[in-house]
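Below, each chain spelled out in residue letters.
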4 protein chains.
Amino acid sequence: MTVRFAVLGAGRIGQVHADAIASVPGALLVAVTDAMPAAAQAVADKHGCEIRDMAQIEAASDIDAVVICTPTDTHADLIERFVKAGKAVFCEKPVDLSVARVQDCLKVVNRVDGKLMVGFQRRFDPDFRALKAAIDDGKIGDVEMVTLTSRDPAAPPIGYIERSGGIFRDMTIHDFDVARWLLSEEPVSVMAAASVLTDPAIGKVGDFDSANVILTTASGKQATINNTRRATYGYDQRIEVHGSEGSVTAENHRQARIELANADGYTRPPLLDFFMSRYAAAYAAEIAAFVAALADGSPIPTTGEDGLRALALAEAAVRSVAERRAVAVSEILE
Amino acid sequence: MTVRFAVLGAGRIGQVHADAIASVPGALLVAVTDAMPAAAQAVADKHGCEIRDMAQIEAASDIDAVVICTPTDTHADLIERFVKAGKAVFCEKPVDLSVARVQDCLKVVNRVDGKLMVGFQRRFDPDFRALKAAIDDGKIGDVEMVTLTSRDPAAPPIGYIERSGGIFRDMTIHDFDVARWLLSEEPVSVMAAASVLTDPAIGKVGDFDSANVILTTASGKQATINNTRRATYGYDQRIEVHGSEGSVTAENHRQARIELANADGYTRPPLLDFFMSRYAAAYAAEIAAFVAALADGSPIPTTGEDGLRALALAEAAVRSVAERRAVAVSEILE
Amino acid sequence: MTVRFAVLGAGRIGQVHADAIASVPGALLVAVTDAMPAAAQAVADKHGCEIRDMAQIEAASDIDAVVICTPTDTHADLIERFVKAGKAVFCEKPVDLSVARVQDCLKVVNRVDGKLMVGFQRRFDPDFRALKAAIDDGKIGDVEMVTLTSRDPAAPPIGYIERSGGIFRDMTIHDFDVARWLLSEEPVSVMAAASVLTDPAIGKVGDFDSANVILTTASGKQATINNTRRATYGYDQRIEVHGSEGSVTAENHRQARIELANADGYTRPPLLDFFMSRYAAAYAAEIAAFVAALADGSPIPTTGEDGLRALALAEAAVRSVAERRAVAVSEILE
Amino acid sequence: MTVRFAVLGAGRIGQVHADAIASVPGALLVAVTDAMPAAAQAVADKHGCEIRDMAQIEAASDIDAVVICTPTDTHADLIERFVKAGKAVFCEKPVDLSVARVQDCLKVVNRVDGKLMVGFQRRFDPDFRALKAAIDDGKIGDVEMVTLTSRDPAAPPIGYIERSGGIFRDMTIHDFDVARWLLSEEPVSVMAAASVLTDPAIGKVGDFDSANVILTTASGKQATINNTRRATYGYDQRIEVHGSEGSVTAENHRQARIELANADGYTRPPLLDFFMSRYAAAYAAEIAAFVAALADGSPIPTTGEDGLRALALAEAAVRSVAERRAVAVSEILE
């Protein structure tokens with residue numbers, strides 16, 4: 001069985017997903033759409049697919065699934081529209097910046113028994129999967145503490161930050177999802193601290209650039225997240241999981257596997273400095289997992305519920321910073 | 001000038017300090033005392049020093065300094081007694097488990113213009129000093145976030161834990177001191193989470209075995225501390241300091257610098273599993289620094305004030321866990 | 001300009017090159033041929049290319065270049081045949097196991113002014129290129145000594161070894177090429193030692209499984225090569241270049257970037273254990289370099305001369321083992 | 001039982017051994033001698049021992065053992081003199097630069113049933129011992145190939161080099177000893193290449209500064225040694241042993257266990273740059289092993305025979321370079 005795709009939105013992340021579809025056996029890119037004709041044309045030229053508009057894709061009998069790569073504020077509407085049209089939907093995170101809007105959207109998805117996958121590509125990174133496999137194989141015993149270090153090389157433009165929902169909803173949300181995945185138990189409490197240390201302009205639009213979060217589960221497991229918008233040495237993405245019988249870590253990706261030694265010491269290159277190169281394999285594996293789930297009817301690996309729960313943790317972190325206290329997740333999601 | 005020492009208390013840590021004194025040029029071990037004659041005798045035999053009682057040491061004209069290695073609940077009384085007797089005092093941490101008692105003790109020290117050094121040996125570890133030197137040399141720009149990982153191989157006996165003041169006052173206190181040292185700015189706020197994950201017996205005596213702490217300074221710098229009483233791979237002591245221009249880390253000490261490669265992968269030995277072997281060089285450097293300060297009248301490097309401030313952070317952490325909120329250090333130390 | 005390819009031989013390495021051609025912009029796979037119809041069909045199905053026979057490819061006006069992936073004893077004949085037919089030729093190493101036959105073949109190539117690239121994919125490995133770039137950028141000063149560690153996970157079947165020309169012509173030949181590339185000066189002398197340590201069956205067919213080689217250039221630069229047919233921890237491919245101002249190394253590729261810590265120590269996964277996965281990126285880059293050279297008429301990066309010189313070093317190594325002396329390359333190639 | 005020592009020669013290495021004796025329980029430094037009174041005085045002051053002349057030490061009834069740290073050309077004579085006087089002798093390598101002279105000296109030692117230990121401190125390095133223990137525990141199966149990388153930070157003064165016997169007798173001799181120790185089988189054949197690459201002045205006095213050696217045993221095991229007199233990044237001392245079931249390596253010692261990350265990459269400090277700091281623990285362990293052997297009458301761990309065999313390998317290497325051929329050890333030592 002081949003899953004026939006349309007990509008909605010041909011910007012940077014849309015191109016990533018179009019490339020991913022082209023590389024996955026069993027997936028076929030049929031159409032692309034974008035408000036900017038040139039963007040759509042570029043994808044069509046590269047992959048030999050058609051350009052169609054939203055309504056055509058909605059009505060198309062030769063399209064099984066859509067990948068939503070449009071601006072965030074359109075995600076929930078498009079999800080609803082396309083699940084109603086009977087398409088399987090892959091939506092880039094987040095579903096929406098509002099917990100209530102996400103909840104409403106998921107109700108629609110459930111009502112029509114729609115298929116929805118939310119794009120948390122880190123779960124599909126080969127190294128992180130190897131780490132998870134080690135945990136699942138019992139190599140570290142019971143998980144006790146998860147430590148996530150997640151640092152961007154540089155902040156996005158202020159214009160982006162203004163509309164991003166803030167560092168917790170935009171950046172930490174990936175870490176919240178990874179923490180949930182690795183803890184294998186829902187966090188019930190969130191403590192967070194956040195500051196503006198790298199650029200006062202970020203503070204002027206009401207956001208933070210440096211943050212630490214502690215998540216706690218009902219049984220007392222803890223996860224910490226360390227974020228900054230500026231790491232001079234590249235895109236820093238580390239995981240450490242400590243358990244009753246050992247620990248397992250996932251290391252960063254360097255620009256090359258070489259080391260120079262001289263009178264100044266031993267120097268290895270900086271890290272890959274872009275999330276797309278860092279997670280290139282993860283983006284392809286993510287689409288492959290979506291295709292596999294559609295092909296055999298197995299459960300979608302990262303669901304709308306996952307999107308909702310990560311967003312709720314972000315919401316709790318925002319509140320924790322503002323109110324200087326531990327916030328129960330149940331205050332956000334009854 | 002030679003500094004002539006008596007060691008008060010000939011238990012495990014007293015022996016460490018006696019060895020350190022013997023290895024430091026300019027330091028001379030004159031006497032030892034202990035409630036257990038055999039313990040004192042062992043130190044006397046090893047180092048060729050005399051056995052005296054407390055009163056003799058107090059009155060001795062051939063002793064310039066004492067090292068207090070007796071049980072914690074005697075520290076403050078002995079500090080007061082020996083500074084009044086005109087001796088320079090080196091006291092193992094903590095001065096006391098009560099903030100108020102420490103404050104009273106420091107008043108006595110100040111009144112008699114006494115010399116008091118509190119034993120935070122980590123500041124004297126050669127690797128940590130190299131890390132601090134890199135920061136002071138401007139290698140990472142402005143310090144933004146400090147990440148401390150501090151895990152014991154195994155919990156001490158329950159009897160010890162019961163009298164220890166709890167994980168924050170007993171174990172984390174070293175990390176609080178290191179955080180203050182590396183932030184170069186006082187933390188003003190403490191958030192902490194703590195659980196019992198390794199041994200229910202620890203919970204039964206009212207303590208925790210797993211904890212995460214976030215410290216924040218007035219300018220927004222943050223430090224995190226990750227503690228557990230059980231790390232199967234040894235004594236895990238890592239520091240990472242992230243700054244505006246880079247990061248610097250200090251690595252663990254393995255049991256040997258070898259690596260085995262076979263079909264199971266590449267394996268290096270576990271870490272040193274005892275704080276005394278891990279910090280052997282630090283203990284010697286600490287006494288050397290005390291001797292150097294006495295010899296040339298320069299400031300004592302780790303003072304009673306340092307002991308007080310680390311204890312106040314521990315107190316704040318205890319309160320944060322209990323009250324599930326960020327606790328201002330000013331609530332503890334007006 | 002698009003370079004239109006035929007792949008001659010659809011075995012394992014032929015498939016690698018077919019995949020590489022498919023992934024390189026500016027390259028088009030037009031046809032494949034193989035004595036085994038099923039093998040050719042598999043490639044044709046995967047890449048949507050035609051199946052033709054040798055004569056059709058030779059005569060085709062829609063084919064610009066061929067990739068020779070047939071058995072070694074056919075290489076020289078096919079090179080001659082296809083350069084005469086006006087095709088650009090990419091030939092997997094070696095051109096032939098006989099130095100004299102290679103020399104004759106290259107004369108034919110030269111006479112018709114043919115284009116010939118010999119497949120030494122290691123020069124195109126991204127990490128090795130980064131290492132070479134560091135050298136070319138002057139990071140280690142003048143190159144003095146090159147150290148190559150090149151170990152296979154396991155020996156090929158005895159039937160393969162019997163026809164391989166022996167370890168130096170089959171396995172070390174890659175290292176000879178890398179040594180020449182990194183020394184930037186021709187070796188003039190070869191010393192080699194070889195033993196049978198992993199499997200007596202290898203000795204029975206007159207070959208060795210463990211070898212060390214020292215190459216020396218006229219100016220005294222040295223390169224060493226360490227080979228074994230059995231490394232339990234995977235495919236071990238390391239380079240170290242020592243220069244007047246520093247050293248640079250290239251590291252191995254592990255199966256995953258994770259590390260497990262427990263009471264047994266710190267364990268990272270074994271290495272990739274197959275040359276095709278280890279050098280996947282190199283194979284693609286190699287074809288891209290061939291296409292680029294054809295497209296703009298720039299020099300072929302790894303030529304028949306490179307193939308000849310590496311083979312001559314192998315020949316000298318064979319003689320050095322037999323005669324227990326340093327063998328001058330001029331004894332092989334006047 | 002206490003072993004009472006005199007140190008003959010109070011230069012740099014004499015001081016190292018005096019310090020070692022002082023640190024070893026069961027060893028007592030009774031006397032020191034040196035042609036330079038100030039040198040002897042410095043040791044006497046530091047350790048509270050007497051200054052005596054050679055004849056007094058020879059005749060002393062309160063001295064059990066001597067450590068010979070005088071210039072190389074006096075070693076053999078002093079060994080003979082002191083074993084005849086009934087003293088146990090520890091002699092810094094080499095016994096002599098002449099194989100014949102060493103053989104004569106060992107005959108004298110044997111005739112009087114003297115105790116002689118030759119100083120190959122590397123065998124006592126804790127990391128190298130851990131590596132050897134892994135081999136002896138069967139962790140890598142049968143040893144097949146030993147790879148030694150041994151690079152000095154900088155060449156000694158030309159005046160020293162002139163009298164040193166050349167790089168193989170002066171520097172490589174340590175590696176020859178380590179190779180023998182790790183192979184657990186005597187090398188029977190030596191191939192060597194040597195060049196002058198770092199300083200023409202070294203060539204002018206007839207020596208080399210860069211060398212590679214291949215040793216082969218009767219069963220086909222191989223060891224390689226890579227030497228240079230100039231490594232800008234410090235004192236580079238690595239061991240790798242490859243066996244039928246795995247490999248084991250020993251790593252270098254850095255100046256500090258820290259790592260700096262910034263836009264230039266990840267940088268760790270250079271290596272310790274002096275053999276005395278690198279091997280400080282080995283020197284102490286070596287004397288402790290000597291004392292232990294004397295105390296319980298167990299075999300001396302590194303004997304005159306070890307000194308002779310390492311020297312013979314050096315002699316063979318010299319000849320191999322000169323004659324451009326593999327040299328049988330039996331040509332040197334019938």
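The rules we used
- Residues numbered from 1 in each chain as written.
- Chains lettered and ligands numbered in written order.
- Predicted model: local features only at pLDDT ≥ 70, side-chain atom pairs only at ≥ 80, totals over all residues.
- Heavy atoms only, no water.
- Least-squares fit on C-alpha atoms with pLDDT ≥ 70 in both.
- Contact = heavy atoms within 4.5 Å.
- Domains from an automatic or database assignment.
- Buried area = accessible area lost by both parts, 1.4 Å probe.
- Salt bridge = Lys/Arg side-chain N within 4 Å of Asp/Glu carboxyl O.
- Polar contact = N/O pair within 3.5 Å; in protein donor to acceptor, adjacent residues only side chain to side chain.
- Helix = DSSP H or I, 4+ residues; strand = E, 2+ residues; numbered from the N terminus.
- UniProt positions renumbered as here; feature names shortened; annotations may be inferred.
- Pairing = 2+ DSSP bridges.
- Buried < 20%, exposed > 50% of the residue type's maximum accessible area, 1.4 Å probe, protein only.

1. Thoughts on the relation of the copies chain A and chain B
Line of reasoning, step 1. Structural alignment of chain A on chain B gives an RMSD of 0.0 Å, achieved by rotating through 180° and translating 0.0 Å along the axis. The operation mapping one copy onto its partner corresponds to a two-fold rotation axis. No C-alpha of chain A lies nearer the rotation axis than that of A:Arg325, which sits 1.9 Å from it.
Line of reasoning, step 2. Comparing contact sets, 100% of the residues at the interface of chain A also lie at the interface in chain B, consistent with an isologous, same-surface contact.

2. Topic: the domain arrangement of chain A
All names here are of chain A.
Line of reasoning, step 1. The assigned domain composition of chain A is domain 1 (3–114) and domain 2 (123–279 + 310–331).
Line of reasoning, step 2. When each unit is reduced to the centre of its C-alpha atoms, the spacing between domain 1 and domain 2 is 28 Å.
Line of reasoning, step 3. Tallying the contact residues gives nine residues for domain 1 and 13 residues for domain 2.
Line of reasoning, step 4. Buried area between domain 1 and domain 2, both sides added, is near 810 Å², and the carbon and sulfur share of it is 73%.
Line of reasoning, step 5. Counting the surface domain 1 buries against domain 2, the share from its top three residues, Arg12, Lys93 and Leu97, is 64%.
Line of reasoning, step 6. Scanning the region where domain 1 abuts domain 2 turns up one salt bridge.
Line of reasoning, step 7. Among the salt bridges present, the one from Lys93 reaches Asp170, with a minimum N-O distance of 3.8 Å.
Line of reasoning, step 8. Counting across the interface, domain 1 meets domain 2 through one residue pair in polar contact (both at pLDDT 80 or more).
Line of reasoning, step 9. For the side of domain 1 that touches domain 2, the secondary structure elements donating two or more residues are helix 1 (12–23) and helix 5 (99–111).

3. Notes on the UniProt feature "domain: Gfo/Idh/MocA-like oxidoreductase N-terminal" (unreviewed entry) in chain A
Line of reasoning, step 1. In this structure's numbering, the residues bearing the UniProt feature "domain: Gfo/Idh/MocA-like oxidoreductase N-terminal" (unreviewed entry) are residues 3–120 of chain A.
Line of reasoning, step 2. In residues 3–120 of chain A, helix accounts for 44% and strand for 24%; the two terminal C-alpha atoms are 20 Å from one another.

4. Let's talk about the sheet that holds strand 5 (residues 88–92) of chain B
Line of reasoning, step 1. Taken together, six strands build an open sheet; the order of strands is 3-2-1-4-5-6 (chain B) and the sheet is parallel. One side of each edge strand has no neighbouring strand; the edge strands of this open sheet are strand 3 (50–51) and strand 6 (116–119) of chain B.

5. Description of unusual backbone geometry
Line of reasoning, step 1. With omega at -5°, the peptide bond leading from A:Lys93 into A:Pro94 counts as cis.
Line of reasoning, step 2. The residue A:Pro94 is located in the loop between strand 5 (88–92) and helix 5 in this model.
Line of reasoning, step 3. Its identity is not glycine, yet B:Arg324 carries a phi of approximately 55°, on the positive side.
Line of reasoning, step 4. Among the structural elements, B:Arg324 can be located in the loop between helix 13 (304–323) and strand 15 (327–328).
Line of reasoning, step 5. Residue classification places B:Arg324 among the partly exposed residues on the basis of a relative accessible area of 43%.
Line of reasoning, step 6. A positive phi angle, close to 55°, is found at D:Ser184, a residue other than glycine.
Line of reasoning, step 7. Summarising the element assignment, D:Ser184 is placed in the loop between helix 9 (172–183) and strand 8 (187–195).

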